[in-house]
Amino acid sequence: MTDASARPAVSGRSQTDDPALAERRRQARKAVVAASIGNGLEWFDVIVYGTFAVTIAKLFFPTADETASLLLAFASFGVSFIMRPLGGILIGRYADRAGRKAGMLVSISVMFLGTLLIVLAPTAAMIGVAAAVIILVARLLQGFAAGGEFGTATAFLIEYAPHRKAFYGSWQVATQGAAMLLAGLFGFFLNNFLSQQSLESWGWRIPFIFALLIGPVGWYIRSKMQDTPEFLTMTPSASPLRETFIANAGRLWTMVGVVALGSVGIYIALFMPTYAIVNLGMPTEGALSQRSYSAW
């Protein structure tokens, strides 16, 4: 028997020429775009607040003590974390029943509403304590949206992937890094090229307006996507929450620990420019440029 006769017959078309597989890959790439634009902008909305915390503290949480004002500004940032588990549970449960696409449309819509409140919020000089309340409500909405976005967008990416599911899912975290870089660049250029008066008057709102304008683009792209092939073929669970907390408890708490460790590093990096500006006297543009380099 020769080597040629031992080889299997060639079918005439390789697996890479399979039209169904090629279409699945094309749809997976579109899913990356749909998830990344919305996910990146949602995390940008979250992170850019910390970038301009010093300015926001002065405008919305004015007190006789600048440190106390800054603590109040970061308290409103931190309180949004209370809403993230709630957003993950409620939007995630909705996505398990109505589809990943539906869940992602809800999360980006809620984030848009929270960002709109920040863009339009009058300062404390205009309406007093009510200004801080508006910012607090906006941050709670953003935290709720971010919590729902995290799991839903990841599931959307993984379920659309025909192969290399971990690679496709990694775009969720990669867009968070891109959001941190973009927020740092906004902070650097606005602090470098605007006067302090202009920055406090209108400049700090520019990144939020940017997110507000791009947000509908992400919503539109998501609305045009079909739901994931895996979701369309699976039988919806009658009790997704019970299955998550009981049947998958080990995996759930493992992921809670892994995500918590990663989040610690991200939010330390987010706070460090503020610490460098307030406590070390470092120029604002220099502190923000260093964070942009680290995100890059």
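## Side note on the pattern of salt bridges
What the rule picks out here adds up to 5 salt bridges. Residue glutamate 159 pairs with arginine 100 through a salt bridge whose shortest N-O separation is 2.7 Å. Residue glutamate 159 is located in helix α7 (residues 130-160), and its partner arginine 100 is located in helix α5 (residues 100-120); the two are separated by 59 residues in the primary sequence. The residues glutamate 159 and arginine 100 share a single accessibility class, namely buried. Residues joined in a network through salt bridges with shared partners are Asp96, Arg100 and Glu159.

## Some details on the packing of aromatic side chains
Across all of its chains, the model carries 10 aromatic pairs by this definition. Ring geometry for phenylalanine 156 against tyrosine 160: centres 5.2 Å apart, planes inclined by 70°, an arrangement best described as edge-to-face. With phenylalanine 156 and tyrosine 160 both in helix α7 and 4 residues apart, the pair spans about one turn of that helix. With respect to burial, phenylalanine 156 and tyrosine 160 carry one shared label: buried. Considering the side-chain rings of phenylalanine 167 and tyrosine 168, the 5.6 Å spacing of their centres and the 80° angle between planes classify their relative orientation as edge-to-face. With a relative accessible area of 36%, phenylalanine 167 lands in the partly exposed category.

## Quick notes on the packing of helix α4 (residues 66-98) against α5
At a minimum axis separation of 6 Å, α4 and α5 run at an interaxial angle of 145°. Residue-level contacts link Ile91, Tyr94, Ala95, Asp96 and Ala98 of α4 to Arg100, Ala102, Gly103, Val106 and Ser107 of α5. Looking at the contact of α4 with α5, its residues break down into 6 nonpolar, 2 polar and 2 charged.

## Quick look at a nonpolar patch on the surface
Residues Leu86, Ile89, Leu90, Leu241, Phe245, Ile246, Trp253 and Val256 make up a contiguous nonpolar surface patch of about 740 Å² in total accessible area. Elements with a minimum of two residues in the nonpolar patch: α4, α13 (240-247) and α14 (249-278). When you line up the elements, phenylalanine 245 lands in helix α13. With relative accessibility at 42%, the residue phenylalanine 245 sits in the partly exposed group.

## So, the packing of helix α2 (residues 19-51) against helix α11 (residues 206-223)
The relative placement of two packed helices is expressed as an angle between their axes plus a distance between the axes. In contact at an axis separation of 9 Å, α2 and α11 are set at 155° when each is read in the N-to-C sense. By the angle class used here, α2 and α11 are roughly antiparallel. α2 and α11 meet at a crossing whose hand is left-handed. Residue-level contacts link Ala34, Ala35, Ile37, Gly38, Asn39, Leu41, Glu42, Phe44, Asp45, Val48 and Tyr49 of α2 to Pro207, Phe208, Phe210, Ala211, Ile214, Gly215, Gly218, Ile221 and Arg222 of α11. Of the residues that constitute the contact of α2 with α11, the class distribution is 13 nonpolar, 4 polar and 3 charged.

## Looking at the nonpolar core
Tyr49, Phe60, Phe61 and Trp204 are the most contacted members of the largest nonpolar core, which has 41 residues in total. Looking at this core, the elements that each hand over two or more residues are α2, α3 (53-60), α4, α5, α7, α9 (171-193) and α11. Here this core gets 7 residues from one element, more than from any other, and that element is α7. Other than its neighbours up to four places away in sequence, phenylalanine 61 contacts Tyr49, Ile56, Ser69, Leu72, Ala73, Ser76, Ala132 and Ile135.

## Looking at the side chain of arginine 139
With respect to the helices, strands and loops of the structure, arginine 139 is situated in helix α7. Buried charge without a salt bridge: arginine 139, with aspartate 45 as the nearest opposite-charge side chain at an N-O distance of 8.2 Å.

Each value, and the rule that gives it
- Residues numbered from 1 in each chain as written.
- Predicted model: local features only at pLDDT ≥ 70, side-chain atom pairs only at ≥ 80, totals over all residues.
- Heavy atoms only, no water.
- Salt bridge = Lys/Arg side-chain N within 4 Å of Asp/Glu carboxyl O.
- Helix = DSSP H or I, 4+ residues; strand = E, 2+ residues; numbered from the N terminus.
- Buried < 20%, exposed > 50% of the residue type's maximum accessible area, 1.4 Å probe, protein only.
- Phe/Tyr/Trp six-rings, centres within 6.5 Å; stacked < 30°, edge-to-face > 60°.
- Axes fitted to C-alpha atoms, helices over the stretch in contact; angles between N-to-C directions.
- Contact = heavy atoms within 4.5 Å.
- Nonpolar A, V, L, I, M, F, W, Y, C, P; charged D, E, K, R; others polar.
- Patch = residues over 30% accessible without salt bridge, like charges linked within 9 Å, V, L, I, M, F, W, Y side chains within 5 Å.
- Areas by Shrake-Rupley, 256 points an atom, 1.4 Å probe, with all protein chains shown as cover.
- Parallel < 35°, antiparallel > 145°, perpendicular 65-115°, else oblique.
- Left-handed = near helix turned anticlockwise from the far one by under 90°.
- Core = buried A, V, L, I, M, F, W, Y, C linked by side-chain atoms within 4.5 Å.
- Lys, Arg positive; Asp, Glu negative; His and termini not counted.

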